[in-house]
Amino acid sequence: MRVAMLTGGGDCPGLNAVMRAVVRKGETVYGDELVGFQDGWRGAIDGDVVPLSIATFRGTLPRGGTVIGSSRTNPYKVDHGPEAVKSALADNGIDALIAIGGEDTLGVASRLASDGVAVVGVPKTIDNDLSATELTFGFDTAVQVCVDAIDRLHTTAESHNRVMVVEVMGRHAGHIATWSAIAGGATVVLVPERPFDIDHVCGLIRQRHSRGRYASIVVVAEGAQPAEGTLALQSGERDEFGHVRLGGIGDQLAQAIEERTGFETRAIVLGHVQRGGTPTAFDRVLATRYGISAIDAVHDGDFGTMVALQAGDIVRVPLEESTAELKLVDPKIYEVAEVFFG
Ligand code: F6P
(Lines give C-alpha, C1' and ligand atoms only; values in the text may rest on other atoms or scores of the structure.)
Protein backbone atom coordinates (compact mmCIF):
# COMPACT_ATOMS: atom_id res chain seq x y z
CA MET A 1 0.00 0.00 0.00
CA ARG A 2 0.99 3.60 -0.38
CA VAL A 3 0.36 5.26 2.98
CA ALA A 4 0.62 8.98 3.77
CA MET A 5 1.11 10.61 7.15
CA LEU A 6 0.65 14.16 8.33
CA THR A 7 1.24 15.94 11.63
CA GLY A 8 -1.17 18.78 12.43
CA GLY A 9 -1.65 21.41 15.14
CA GLY A 10 0.93 22.35 17.72
CA ASP A 11 4.02 20.16 17.54
CA CYS A 12 4.64 17.68 20.32
CA PRO A 13 7.55 15.56 21.56
CA GLY A 14 7.09 12.04 20.17
CA LEU A 15 5.75 12.88 16.68
CA ASN A 16 8.88 11.51 15.03
CA ALA A 17 8.69 8.38 17.17
CA VAL A 18 5.14 7.68 15.90
CA MET A 19 6.18 8.09 12.25
CA ARG A 20 9.37 6.10 12.75
CA ALA A 21 7.26 3.18 14.04
CA VAL A 22 4.77 3.44 11.17
CA VAL A 23 7.59 3.44 8.62
CA ARG A 24 9.47 0.59 10.27
CA LYS A 25 6.50 -1.78 10.45
CA GLY A 26 4.99 -0.50 7.18
CA GLU A 27 8.15 -1.12 5.17
CA THR A 28 9.48 -4.27 6.77
CA VAL A 29 6.30 -6.17 7.61
CA TYR A 30 3.75 -4.92 5.09
CA GLY A 31 5.99 -3.85 2.20
CA ASP A 32 4.39 -0.38 2.17
CA GLU A 33 5.60 2.76 0.53
CA LEU A 34 5.35 5.71 2.94
CA VAL A 35 5.03 9.40 2.20
CA GLY A 36 4.34 12.53 4.23
CA PHE A 37 2.27 15.62 3.60
CA GLN A 38 4.33 18.66 4.58
CA ASP A 39 2.97 20.98 7.29
CA GLY A 40 -0.22 19.18 8.25
CA TRP A 41 -3.41 19.77 6.27
CA ARG A 42 -1.64 22.58 4.35
CA GLY A 43 0.43 19.97 2.50
CA ALA A 44 -2.59 17.73 2.01
CA ILE A 45 -4.46 20.60 0.33
CA ASP A 46 -1.51 21.62 -1.86
CA GLY A 47 -0.40 18.06 -2.64
CA ASP A 48 2.98 18.79 -1.06
CA VAL A 49 4.29 15.25 -0.67
CA VAL A 50 7.70 14.01 0.53
CA PRO A 51 8.95 10.40 0.48
CA LEU A 52 9.48 8.80 3.91
CA SER A 53 11.59 5.75 4.64
CA ILE A 54 13.39 4.02 7.48
CA ALA A 55 16.41 6.15 6.56
CA THR A 56 14.41 9.39 6.99
CA PHE A 57 13.88 8.59 10.64
CA ARG A 58 17.40 7.55 11.59
CA GLY A 59 18.40 9.44 14.73
CA THR A 60 14.96 11.01 15.21
CA LEU A 61 13.75 9.00 18.20
CA PRO A 62 15.12 11.51 20.72
CA ARG A 63 14.31 14.49 18.52
CA GLY A 64 11.36 16.76 19.33
CA GLY A 65 9.17 18.45 16.73
CA THR A 66 8.22 16.79 13.47
CA VAL A 67 10.44 16.18 10.47
CA ILE A 68 7.51 16.83 8.11
CA GLY A 69 6.40 20.09 9.72
CA SER A 70 3.03 21.09 11.12
CA SER A 71 0.45 23.85 10.74
CA ARG A 72 -2.93 24.85 12.03
CA THR A 73 -4.46 24.96 8.52
CA ASN A 74 -8.08 23.83 8.49
CA PRO A 75 -9.23 22.42 5.10
CA TYR A 76 -12.84 23.24 6.01
CA LYS A 77 -11.87 26.93 6.24
CA VAL A 78 -10.21 26.91 2.79
CA ASP A 79 -12.26 27.17 -0.45
CA HIS A 80 -12.68 23.62 -1.79
CA GLY A 81 -10.23 22.42 0.88
CA PRO A 82 -11.75 18.95 1.47
CA GLU A 83 -11.97 18.34 -2.31
CA ALA A 84 -8.34 19.42 -2.67
CA VAL A 85 -7.29 16.91 0.00
CA LYS A 86 -9.18 14.12 -1.79
CA SER A 87 -7.58 15.08 -5.12
CA ALA A 88 -4.11 15.13 -3.56
CA LEU A 89 -4.69 11.60 -2.20
CA ALA A 90 -5.92 10.34 -5.58
CA ASP A 91 -3.27 12.15 -7.66
CA ASN A 92 -0.49 10.71 -5.50
CA GLY A 93 -1.91 7.18 -5.52
CA ILE A 94 -2.35 7.20 -1.73
CA ASP A 95 -4.42 4.31 -0.36
CA ALA A 96 -4.62 5.47 3.26
CA LEU A 97 -3.81 8.44 5.44
CA ILE A 98 -2.57 8.47 9.04
CA ALA A 99 -3.40 11.82 10.66
CA ILE A 100 -1.44 12.55 13.82
CA GLY A 101 -2.91 15.42 15.78
CA GLY A 102 -5.14 16.79 18.49
CA GLU A 103 -8.74 17.87 18.66
CA ASP A 104 -8.59 20.03 15.51
CA THR A 105 -6.59 17.71 13.24
CA LEU A 106 -8.63 14.71 14.30
CA GLY A 107 -11.87 16.68 13.90
CA VAL A 108 -10.94 17.23 10.25
CA ALA A 109 -9.92 13.55 9.91
CA SER A 110 -13.27 12.50 11.34
CA ARG A 111 -15.21 14.64 8.85
CA LEU A 112 -13.11 13.32 5.96
CA ALA A 113 -13.61 9.74 7.17
CA SER A 114 -17.38 10.13 7.16
CA ASP A 115 -16.94 11.38 3.62
CA GLY A 116 -15.24 8.12 2.61
CA VAL A 117 -11.54 8.99 3.05
CA ALA A 118 -9.46 6.06 4.34
CA VAL A 119 -7.99 7.65 7.44
CA VAL A 120 -6.69 6.48 10.81
CA GLY A 121 -5.99 8.95 13.64
CA VAL A 122 -3.25 9.08 16.28
CA PRO A 123 -3.90 11.22 19.38
CA LYS A 124 -1.31 13.91 19.98
CA THR A 125 -1.33 16.87 22.31
CA ILE A 126 0.75 17.92 25.26
CA ASP A 127 -2.56 19.11 26.78
CA ASN A 128 -3.82 15.49 27.23
CA ASP A 129 -7.40 16.66 26.73
CA LEU A 130 -8.68 14.07 24.21
CA SER A 131 -11.48 12.10 25.80
CA ALA A 132 -11.20 8.72 24.06
CA THR A 133 -7.68 8.03 25.28
CA GLU A 134 -6.24 7.94 28.77
CA LEU A 135 -3.02 9.59 27.62
CA THR A 136 -1.74 11.46 24.61
CA PHE A 137 1.98 11.31 23.91
CA GLY A 138 3.83 14.54 24.69
CA PHE A 139 1.97 15.10 27.94
CA ASP A 140 4.52 13.28 30.09
CA THR A 141 7.35 15.30 28.52
CA ALA A 142 5.52 18.60 29.06
CA VAL A 143 4.89 17.78 32.73
CA GLN A 144 8.54 16.84 33.21
CA VAL A 145 9.67 20.16 31.69
CA CYS A 146 7.34 22.04 34.06
CA VAL A 147 8.47 20.10 37.11
CA ASP A 148 12.15 20.66 36.28
CA ALA A 149 11.39 24.38 36.09
CA ILE A 150 9.35 24.42 39.31
CA ASP A 151 12.14 22.57 41.18
CA ARG A 152 14.52 25.35 40.14
CA LEU A 153 12.04 28.10 40.97
CA HIS A 154 11.63 26.83 44.55
CA THR A 155 15.22 27.69 45.46
CA THR A 156 15.25 31.17 43.98
CA ALA A 157 11.78 31.89 45.42
CA GLU A 158 12.92 30.78 48.88
CA SER A 159 16.10 32.88 48.71
CA HIS A 160 14.04 36.02 48.09
CA ASN A 161 10.87 35.14 50.00
CA ARG A 162 8.88 35.60 46.82
CA VAL A 163 5.76 34.31 45.18
CA MET A 164 6.40 32.70 41.80
CA VAL A 165 3.50 32.39 39.38
CA VAL A 166 4.27 29.67 36.84
CA GLU A 167 2.07 29.77 33.73
CA VAL A 168 1.87 26.46 31.89
CA MET A 169 -0.02 25.33 28.79
CA GLY A 170 -3.56 24.00 28.96
CA ARG A 171 -6.12 25.82 26.92
CA HIS A 172 -9.34 24.07 27.98
CA ALA A 173 -8.09 21.58 30.56
CA GLY A 174 -5.60 21.78 33.39
CA HIS A 175 -3.91 18.37 33.16
CA ILE A 176 -0.38 19.77 32.79
CA ALA A 177 -0.99 22.29 35.57
CA THR A 178 -2.44 19.76 38.01
CA TRP A 179 0.22 17.10 37.48
CA SER A 180 3.01 19.71 37.63
CA ALA A 181 1.59 21.17 40.81
CA ILE A 182 1.44 17.78 42.52
CA ALA A 183 4.92 16.74 41.35
CA GLY A 184 6.41 20.19 41.95
CA GLY A 185 4.88 20.93 45.35
CA ALA A 186 2.83 24.01 44.45
CA THR A 187 0.98 26.23 46.93
CA VAL A 188 -2.06 26.35 44.66
CA VAL A 189 -2.98 25.36 41.10
CA LEU A 190 -5.49 27.19 38.91
CA VAL A 191 -7.13 25.33 36.03
CA PRO A 192 -9.69 26.18 33.32
CA GLU A 193 -12.19 23.74 34.84
CA ARG A 194 -12.49 25.76 38.07
CA PRO A 195 -12.85 29.56 37.88
CA PHE A 196 -10.68 30.94 40.65
CA ASP A 197 -11.29 33.53 43.31
CA ILE A 198 -8.22 35.78 43.59
CA ASP A 199 -8.98 36.49 47.26
CA HIS A 200 -8.97 32.77 48.02
CA VAL A 201 -5.63 32.39 46.20
CA CYS A 202 -4.14 35.29 48.18
CA GLY A 203 -5.53 33.78 51.39
CA LEU A 204 -3.65 30.53 50.72
CA ILE A 205 -0.43 32.43 50.06
CA ARG A 206 -0.82 34.52 53.24
CA GLN A 207 -1.52 31.35 55.24
CA ARG A 208 1.69 29.77 53.96
CA HIS A 209 3.81 32.89 54.56
CA SER A 210 2.36 33.39 58.04
CA ARG A 211 4.15 30.19 59.06
CA GLY A 212 7.58 31.83 58.67
CA ARG A 213 9.91 32.68 55.87
CA TYR A 214 8.17 30.81 53.10
CA ALA A 215 7.98 31.25 49.39
CA SER A 216 5.03 30.20 47.25
CA ILE A 217 4.66 28.60 43.86
CA VAL A 218 1.37 29.27 42.08
CA VAL A 219 0.84 27.10 38.99
CA VAL A 220 -1.69 28.49 36.53
CA ALA A 221 -2.90 26.94 33.29
CA GLU A 222 -2.98 29.47 30.45
CA GLY A 223 -6.73 28.89 30.04
CA ALA A 224 -7.60 29.41 33.72
CA GLN A 225 -10.29 32.01 34.27
CA PRO A 226 -11.12 34.16 37.27
CA ALA A 227 -14.59 33.82 38.73
CA GLU A 228 -16.97 36.27 37.11
CA GLY A 229 -16.47 39.89 38.04
CA THR A 230 -13.23 39.34 40.00
CA LEU A 231 -10.37 40.06 37.55
CA ALA A 232 -10.61 41.45 34.01
CA LEU A 233 -8.44 39.62 31.45
CA GLN A 234 -7.38 40.74 28.01
CA SER A 235 -8.02 38.56 24.96
CA GLY A 236 -5.89 37.87 21.83
CA GLU A 237 -6.37 37.05 18.12
CA ARG A 238 -7.98 33.85 16.83
CA ASP A 239 -6.51 31.12 14.60
CA GLU A 240 -8.28 29.15 11.80
CA PHE A 241 -9.88 26.83 14.31
CA GLY A 242 -11.26 29.82 16.23
CA HIS A 243 -8.89 29.54 19.20
CA VAL A 244 -7.82 32.71 20.94
CA ARG A 245 -4.04 33.06 21.30
CA LEU A 246 -3.56 32.63 25.04
CA GLY A 247 -0.67 33.54 27.30
CA GLY A 248 -0.73 36.40 29.73
CA ILE A 249 -2.75 35.22 32.70
CA GLY A 250 0.48 34.61 34.65
CA ASP A 251 1.55 38.26 34.47
CA GLN A 252 -1.88 39.55 35.37
CA LEU A 253 -2.17 37.14 38.25
CA ALA A 254 1.29 38.04 39.59
CA GLN A 255 0.36 41.71 39.59
CA ALA A 256 -2.95 41.02 41.36
CA ILE A 257 -1.22 38.85 44.02
CA GLU A 258 1.48 41.45 44.70
CA GLU A 259 -1.09 44.24 44.99
CA ARG A 260 -3.31 42.29 47.36
CA THR A 261 -0.70 40.55 49.57
CA GLY A 262 2.25 42.94 49.41
CA PHE A 263 4.54 39.93 48.72
CA GLU A 264 7.02 40.42 45.94
CA THR A 265 5.78 38.31 43.02
CA ARG A 266 7.27 37.23 39.71
CA ALA A 267 5.63 35.54 36.73
CA ILE A 268 7.31 32.89 34.60
CA VAL A 269 5.65 31.76 31.38
CA LEU A 270 7.00 28.34 30.40
CA GLY A 271 5.30 28.55 27.00
CA HIS A 272 6.64 26.58 24.07
CA VAL A 273 9.60 25.21 26.06
CA GLN A 274 7.02 22.62 27.20
CA ARG A 275 6.52 21.45 23.63
CA GLY A 276 10.10 21.53 22.42
CA GLY A 277 12.99 19.13 22.77
CA THR A 278 13.42 15.48 23.44
CA PRO A 279 10.50 13.24 24.48
CA THR A 280 10.71 11.33 27.76
CA ALA A 281 11.23 7.55 27.58
CA PHE A 282 7.56 7.10 28.47
CA ASP A 283 6.42 9.27 25.55
CA ARG A 284 8.80 7.50 23.15
CA VAL A 285 7.30 4.15 24.10
CA LEU A 286 3.70 5.39 23.94
CA ALA A 287 4.29 7.10 20.57
CA THR A 288 5.94 3.95 19.20
CA ARG A 289 3.00 1.80 20.34
CA TYR A 290 0.56 4.24 18.68
CA GLY A 291 2.54 4.18 15.42
CA ILE A 292 2.62 0.36 15.28
CA SER A 293 -1.08 0.17 16.04
CA ALA A 294 -1.94 2.81 13.41
CA ILE A 295 -0.25 0.95 10.56
CA ASP A 296 -1.90 -2.28 11.75
CA ALA A 297 -5.31 -0.52 11.63
CA VAL A 298 -4.57 0.60 8.06
CA HIS A 299 -3.87 -3.00 7.02
CA ASP A 300 -6.98 -4.25 8.81
CA GLY A 301 -8.95 -1.68 6.78
CA ASP A 302 -10.16 -0.23 10.10
CA PHE A 303 -10.63 3.31 8.79
CA GLY A 304 -12.42 6.12 10.60
CA THR A 305 -10.76 5.00 13.84
CA MET A 306 -8.21 6.46 16.22
CA VAL A 307 -5.72 4.44 18.22
CA ALA A 308 -6.08 5.05 21.95
CA LEU A 309 -4.69 3.99 25.33
CA GLN A 310 -7.31 2.36 27.52
CA ALA A 311 -6.52 0.37 30.67
CA GLY A 312 -2.93 -0.04 29.51
CA ASP A 313 -3.80 -1.45 26.09
CA ILE A 314 -3.75 0.22 22.70
CA VAL A 315 -7.25 -0.06 21.26
CA ARG A 316 -9.14 1.50 18.32
CA VAL A 317 -12.05 3.87 18.87
CA PRO A 318 -14.27 5.65 16.32
CA LEU A 319 -12.63 8.91 15.24
CA GLU A 320 -15.74 10.91 16.10
CA GLU A 321 -15.40 9.78 19.72
CA SER A 322 -11.94 11.35 19.89
CA THR A 323 -13.34 14.83 19.48
CA ALA A 324 -16.84 14.38 20.90
CA GLU A 325 -15.90 16.01 24.16
CA LEU A 326 -12.82 17.27 25.93
CA LYS A 327 -11.27 15.25 28.71
CA LEU A 328 -11.20 17.53 31.73
CA VAL A 329 -9.19 17.13 34.91
CA ASP A 330 -10.65 14.40 37.09
CA PRO A 331 -11.83 16.03 40.36
CA LYS A 332 -10.12 13.18 42.24
CA ILE A 333 -6.67 14.18 41.01
CA TYR A 334 -7.37 17.88 41.65
CA GLU A 335 -8.31 16.96 45.21
CA VAL A 336 -4.89 15.33 45.63
CA ALA A 337 -3.27 18.66 44.68
CA GLU A 338 -5.62 20.53 47.01
CA VAL A 339 -4.36 18.64 50.09
CA PHE A 340 -1.09 20.58 49.68
CA PHE A 341 -2.62 24.03 49.11
CA GLY A 342 -1.49 26.87 51.38
O1 F6P B 1 -0.98 22.16 21.20
C2 F6P B 1 -1.74 22.67 22.22
C3 F6P B 1 -1.11 23.94 22.71
O4 F6P B 1 0.16 23.63 23.20
C5 F6P B 1 -1.95 24.67 23.74
O6 F6P B 1 -1.73 24.27 25.05
C7 F6P B 1 -1.57 26.10 23.50
O8 F6P B 1 -2.62 26.96 23.85
C9 F6P B 1 -1.35 26.14 22.03
O10 F6P B 1 -0.94 24.85 21.66
C11 F6P B 1 -0.32 27.16 21.59
O12 F6P B 1 -0.30 27.18 20.22
P13 F6P B 1 0.69 27.98 19.27
O14 F6P B 1 1.87 27.11 19.05
O15 F6P B 1 -0.09 28.17 18.02
O16 F6P B 1 1.07 29.23 19.98
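Residues numbered from 1 in each chain as written. Predicted model: local features only at pLDDT ≥ 70, side-chain atom pairs only at ≥ 80, totals over all residues. Heavy atoms only, no water.

This next bit is on the sheet that holds strand E9 (residues 265–269). Strand order in the open sheet made by the four strands is E7-E8-E6-E9, with parallel pairing throughout. Here the strands that pair on one side only, and so sit at the sheet edges, are strand E7 (188–190) and E9. Strand after strand, the sheet turns through a mean of 20 degrees between neighbouring axes, direction not considered. Here strand E6 (residues 163–168) pairs with E9 via five bridges, running parallel. (Pairing = 2+ DSSP bridges. Helix = DSSP H or I, 4+ residues; strand = E, 2+ residues; numbered from the N terminus. Axes fitted to C-alpha atoms, helices over the stretch in contact; angles between N-to-C directions.)

Next up on the list: the domain arrangement of the protein chain. The assigned domain composition of the protein chain is domain 1 (2–138 + 279–322) and domain 2 (139–276). For domain 1 versus domain 2, the separation of C-alpha centres amounts to 32 Å. If you look at the interface, domain 1 gives 24 residues, while domain 2 gives 19 residues. By the criterion of area lost to domain 2, the three top residues of domain 1 are Arg72, Ile126 and Asp127, representing 30% of everything that side buries. Counting every contact that joins domain 1 to domain 2 gives one salt bridge. The partner of Asp11 in a salt bridge is Arg275, and the shortest N-O contact between them spans 2.9 Å. The tally of links from domain 1 across to domain 2 stands at eight residue pairs in polar contact (both at pLDDT 80 or more). Elements supplying a minimum of two residues to the side of domain 1 that touches domain 2: helix H4 (103–114) and helix H9 (281–299). With three residues, H4 is the single largest residue contributor to the side of domain 1 that touches domain 2. (Domains from an automatic or database assignment. Contact = heavy atoms within 4.5 Å. Buried area = accessible area lost by both parts, 1.4 Å probe. Salt bridge = Lys/Arg side-chain N within 4 Å of Asp/Glu carboxyl O. Polar contact = N/O pair within 3.5 Å; in protein donor to acceptor, adjacent residues only side chain to side chain.)

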